[in-house]
Amino acid sequence: MLGIEAEVSHPSHSGSYAVDDYGRPMSLPGMSGVVANVRVGDRVFPWAADHLEPGVSAGCCDRGRHQALQFLTGLGNRVRVVSGAAAGAGGVAVGKHAFVLVDFPQEALDQLAPGDRLLVRACAQGLALVDFPDIALRSCGPELLRALPLGGESRLHVEVAYEIPAYLMGAGLGMSSEWANCDVMLTRAETVEQLGFEELRLGDVVAMHDQDHRFGRGFRRGFCAIGVVAHGGHGAIPGHGVGVVTIMSGPADRFEFVRVERANIRDYLEPS
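Our subject in this report is the structure included herewith. Just so it is clear, the structure is predicted and the values come from calculations on it, not from any experiment.

Each value, and the rule that gives it
- All residue numbers refer to position in the chain's written sequence, counted from 1.
- Totals for whole chains, interfaces and linings use all residues, but because this is a predicted model, local features are given only for residues with pLDDT of at least 70 and pairs of side-chain atoms are given and counted only at 80 or more.
- No hydrogens and no water enter the side-chain calculation; it runs on all heavy atoms of the structure.
- For the purposes of this entry, the term helix denotes a DSSP run of H or I that reaches at least four residues, the term strand denotes a run of E that reaches at least two, and both are numbered from the N terminus.
- Burial classes follow relative accessibility: with a 1.4 Å probe on protein chains only, a residue under 20% of its type's maximum area counts as buried, one over 50% as exposed, and anything between as partly exposed.
- Contacts are assigned to residue pairs that have any heavy atoms within 4.5 Å of one another.
- Under the convention used here, a 1.4 Å probe and the Shrake-Rupley method define accessible areas, while residue burial counts only the protein chains that appear.
- Remark: nonpolar core denotes a set of buried residues (Ala, Val, Leu, Ile, Met, Phe, Trp, Tyr, Cys) joined through side-chain atoms within 4.5 Å.
- We define a salt bridge as a side-chain nitrogen of Lys or Arg found within 4 Å of a carboxyl oxygen belonging to Asp or Glu.
- By convention in this document, the label disulfide applies to cysteine sulfur atom pairs within 2.5 Å.

What follows covers the overall build of the protein. Summing up its helical and strand segments, the protein has 5 helices and 17 strands in all. Expressed as lengths along the three principal axes of its C-alpha atoms, the size of the protein is roughly 50 × 45 × 35 Å. Scored against the burial criterion, the 272 residues of the protein give a buried share of 53%. Restricting to contacts in the protein with at least 6 residues of sequence separation, those with at least 24 account for 70%. Carbon and sulfur atoms form 52% of the exposed surface of the protein, whose accessible area is close to 11,600 Å².

Counting 54 residues, the largest nonpolar core has Leu-186, Leu-200 and Ile-247 as its most contacted members. Here this core gets 6 residues from one element, more than from any other, and that element is strand β15 (residues 218-231). The next biggest cluster of nonpolar side chains, apart from the first, holds 21 residues, and it includes Val-8, Leu-112, Val-120 and Ala-122.

Here we take up the pattern of salt bridges. As enumerated under the stated definition, the model contains 12 salt bridges in all. As a salt-bridge pair, Arg-214 and Asp-212 come within 2.9 Å of each other at their nearest N and O atoms. In this structure, a network of salt bridges that share partners links the residues Glu-5, Arg-65 and Arg-117.

Working definition: the covalent bond between the sulfur atoms of two cysteines is a disulfide. A complete count under the given rule lists 0 disulfides for this structure. Left unpaired, Cys-60 is separated from the closest cysteine sulfur, that of Cys-61, by 7.8 Å.

Glancing now at the environment of Met-208. Position of Met-208 among the secondary structure elements: in strand β14 (residues 205-212). On the accessibility criterion, Met-208 (0% relative accessible area) is buried. Met-208 sits 16 residues away from Cys-224 along the chain, and the two C-alpha atoms are 5.7 Å apart. The residues contacting Met-208, other than those within four sequence positions of it, are Ile-164, Met-169, Cys-182, His-213, Cys-224, Ala-225, Ile-226, Gly-227, Val-244 and Thr-246.

So this is what it looks like as structure tokens:
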């Protein structure tokens, strides 16, 4: 378990706009900063935002330190505020994108500001399932692994809120399994409605079919990946969409998915 320093990021803007999946120009809030009114457990789609990161987006100005933060941190790892008005408050890592996403109690979110220093207790790399050696864990901290309602003997039983077909997978394929996330191309309202994803929530545990995310991310029949919804919002450019962080991947026949009405890490991990 390593202590890694991070700080609350500040939103930035390139001065240009993007074009959404309908050809409309848009200039929407998205990554970075402190989002005090959207947290893990909230619905993905009501927000007029693009790549919306809930809670606190934590990063480092130094590129090497930022890469260490991204690579070593796992979902469920604990975070403490060490400067500013919210000093002493405790949080938990709940996602990865351009930053490590951290959920804090509401009273801490109301006090946190860009530049406040954080201490992340990073522990994830090397974690393995001894009874299922062909299933690789990625960005999954021991806190989350203990909290998930897993079971099974010959197959690993995993409760999921949704199952995602391979044709929806977009940006993030080809990247490292431990880095950031991969996007699910839910950029058109009719696609969301047809597939029944209207109630998708930040923090939902989902299954991604025909995906091999053990050593990178890519399409492979007969494999699957389990992930956690990390970022959302209503607007997104083609090829992007809802972000999902990989937490495990392996042969599909080694998993048994149990569809439940709600499988969300907000119910498994308390920010304090």
